[in-house]
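Coordinate analysis (summary)
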Amino acid sequence: MSSKILCSTGALIGRPNGRNHRLLREFTKQLNCDGFEFMMYSTWYEKADEIVADLQEMQLCIPVMHCEKHIGEALGQNGEGEWETAFRLFEINCRMAEQLKAGKMVIHLWDGEFSDRNFANNRKALGELLPMAERYGLDLLVENVVCNVENPMKHWEELAEEYPQVHFVFDTKMAAFHDQMNLIYKKEYQWLWDKGHIKHLHVNDYGGGYMEWAKLRTLAIGEGNIDFEPFFRLIKEKNYTGDFTLEATAFNSEGVVDIEKINRSVEYVKSQILKEAE
């Protein structure tokens, strides 16, 4: 099996356990995943070098880094001042990813309060982000993040038209939130696969209905209502060989991580890949 099944560090580390990145040393001994997608937090910029040094000492496998989310929010605001901040912080994320030997960087191109309200700003900014990421040896992947105004598939179409080289990460929960899981099976959206735009997958469940904000939680596979079997059949048909990331929050209010829950999801994805390969 060439694809790696990764666990997002955001599923393991959060406010209840002090966002203590050093906990990864013990978690990696207990998890059955093949590595991690490292999630950067806005509170970590001042100790970025320390965090990188610690992770390097742990010798963790980190093929993918998830860019700090507030960058997309800043890009969606009007005014060059916020862009200057966003680009400065993005470069810090790129430098960290390079040092961690990550080859891919996931970005929420739009996010937060502004979401896609000023999407023209975000679309224009991508023209500067792509070459910056490339200078650090990174494949920048735009995620189908939830929207307040339009929908992620519409924005992907716009981005692909302006930047034919753009690559995406497809998140099942984000798609289900906008009732767009069904679109990836339709003929008119096969260009996403056939032209090689989708380079990574976030495999998460969702338990709500169309744009049901109160239920916008990242659930482990089997805890929501997404039918994953046709999804795995499709990616096999499309000869997808990229990696997968599990992002469902696995810690409770005391910060204790449910390792077994993550391992069950890892085993499920492995079984689906192997079953479809038979």
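The text that follows walks through the structure, step by step, so that each part is easy to find. (Residues numbered from 1 in each chain as written. Predicted model: local features only at pLDDT ≥ 70, side-chain atom pairs only at ≥ 80, totals over all residues. Heavy atoms only, no water.)

**Some points on the overall build of the protein chain**
The helix and strand tally for the protein chain stands at 10 helices and eight strands. Relative to the globule expectation of 19 Å for 278 residues, the C-alpha radius of gyration of the protein chain, 18 Å, shows essentially globular dimensions. Summarising the internal contacts of the protein chain: among those between residues at least 6 apart in sequence, 79% fall at separations of at least 24. For the protein chain, the exposed area adds up to about 12400 Å²; of that, 45% sits on carbon and sulfur atoms. Taking the average place of the 31 positive charges on the side chains of the protein chain and the average place of its 45 negative ones, the gap between the two points comes to 2 Å. (Helix = DSSP H or I, 4+ residues; strand = E, 2+ residues; numbered from the N terminus. Rg over C-alpha atoms; globule rule 2.2 N^0.38 Å. Contact = heavy atoms within 4.5 Å. Areas by Shrake-Rupley, 256 points an atom, 1.4 Å probe, with all protein chains shown as cover. Lys, Arg positive; Asp, Glu negative; His and termini not counted. Charge placed at Lys NZ, Arg CZ, Asp CG, Glu CD.)

**Focus on the pairing of strand E1 (residues 5-8)**
By the alternation rule, side chains of E1 split into Ile5 and Cys7 and Leu6 and Ser8, which are all buried. Summarising the sheet, E1 and strand E8 (residues 243-246) pair through three bridges and their orientation is parallel. When the bridges of E8 are listed, leucine 6 appears paired with threonine 245. The sheet contact formed by E1 and strand E2 (residues 35-39) spans three bridges and is parallel. If you follow leucine 6 over to E2, its bridge partner there is glycine 35. (Buried < 20%, exposed > 50% of the residue type's maximum accessible area, 1.4 Å probe, protein only. Pairing = 2+ DSSP bridges.)

**Some thoughts on the layout of surface pockets**
The rolling of a water-molecule-sized probe over the atoms marks out the regions of remaining empty space. Reported here for the largest pocket is a volume of approximately 1000 Å³. Lining the largest pocket are 39 residues, and of these Met39, Lys69, Lys173, Thr218 and Thr249 lie nearest its centre. Along the lines of polarity and charge, the residues of the lining of the largest pocket split into 14 nonpolar, 13 polar and 12 charged. (1 Å grid on protein atoms, 1.4 Å probe; cavity = no way out; pocket = protein on both sides within 12 Å on 5 of 7 lines; lining within 4 Å. Points joined across faces, edges and corners; volume = space filled by probe spheres on them. Nonpolar A, V, L, I, M, F, W, Y, C, P; charged D, E, K, R; others polar.)

**Examining the sheet that holds strand E3 (residues 64-66)**
Around the barrel, which closes on itself, the eight strands sit in the order E1-E2-E3-E4-E5-E6-E7-E8 with parallel pairing between neighbours. If you compare each strand with its neighbour and ignore which way they point, the axes differ by 30° on average. (Axes fitted to C-alpha atoms, helices over the stretch in contact; angles between N-to-C directions.)

**Comments concerning the environment of alanine 250**
Relative to the helices and strands, alanine 250 is located in the loop between E8 and helix H10 (259-277). With relative accessibility at 5%, the residue alanine 250 sits in the buried group. Residues alanine 250 and isoleucine 184 lie 66 residues apart in sequence; the distance between their C-alpha atoms is 28 Å. Once you skip the residues sitting within four places of it in the chain, alanine 250 turns out to touch Ala11, Val256, Val257, Asp258, Lys261 and Ile262.

**Notes on the packing of helix H5 (residues 119-135) against helix H6 (residues 152-162)**
With their axes 11 Å apart at the nearest point, H5 and H6 run at an angle of 40° to one another. With respect to each other, H5 and H6 are oriented oblique. Two packed elements cross with a definite hand, and for H5 against H6 that hand is right-handed. In this structure, H5 uses Phe119, Arg123 and Leu126 to contact H6, whose residues at the interface are His155, Glu158, Leu159 and Glu162. (Parallel < 35°, antiparallel > 145°, perpendicular 65-115°, else oblique. Left-handed = near helix turned anticlockwise from the far one by under 90°.)

**Observations regarding unusual backbone geometry**
Residues other than glycine seldom take positive phi values, yet arginine 19 does so here, at roughly 45°. Position of arginine 19 among the secondary structure elements: in the loop between E1 and helix H1 (24-30). In this model, lysine 101 sits at a positive phi of 65°, which is unusual for a non-glycine residue.

**Comments concerning helix H9 (residues 228-237)**
Those residues of H9 lying buried are Phe228, Phe231, Phe232, Leu234 and Ile235. Buried residues of H9 fall within an arc of 155° about the axis and therefore sit on the same side. Sitting at the head of H9, aspartate 227 places a side-chain oxygen 3.3 Å from the backbone nitrogen of glutamate 229. Just past H9, the residue asparagine 239 takes up positive phi, approximately 55°. (Arc of directions from axis to C-beta. Polar contact = N/O pair within 3.5 Å; in protein donor to acceptor, adjacent residues only side chain to side chain.)

**Some remarks on the pairing of strand E4 (residues 104-107)**
With three bridges joining them, E3 and E4 adopt parallel strand pairing. Its bridge partner being in E4, valine 64 is matched across the sheet by lysine 104. When E4 meets strand E5 (residues 139-143), the two strands line up parallel, connected through four bridges. Looking across to E5, one finds that methionine 105 is bridged to leucine 140. Handedness of the crossover joining E4 and E5 through H5 is recorded here as right-handed. (Right-handed = clockwise from strand over helix to strand, strands pointing away.)

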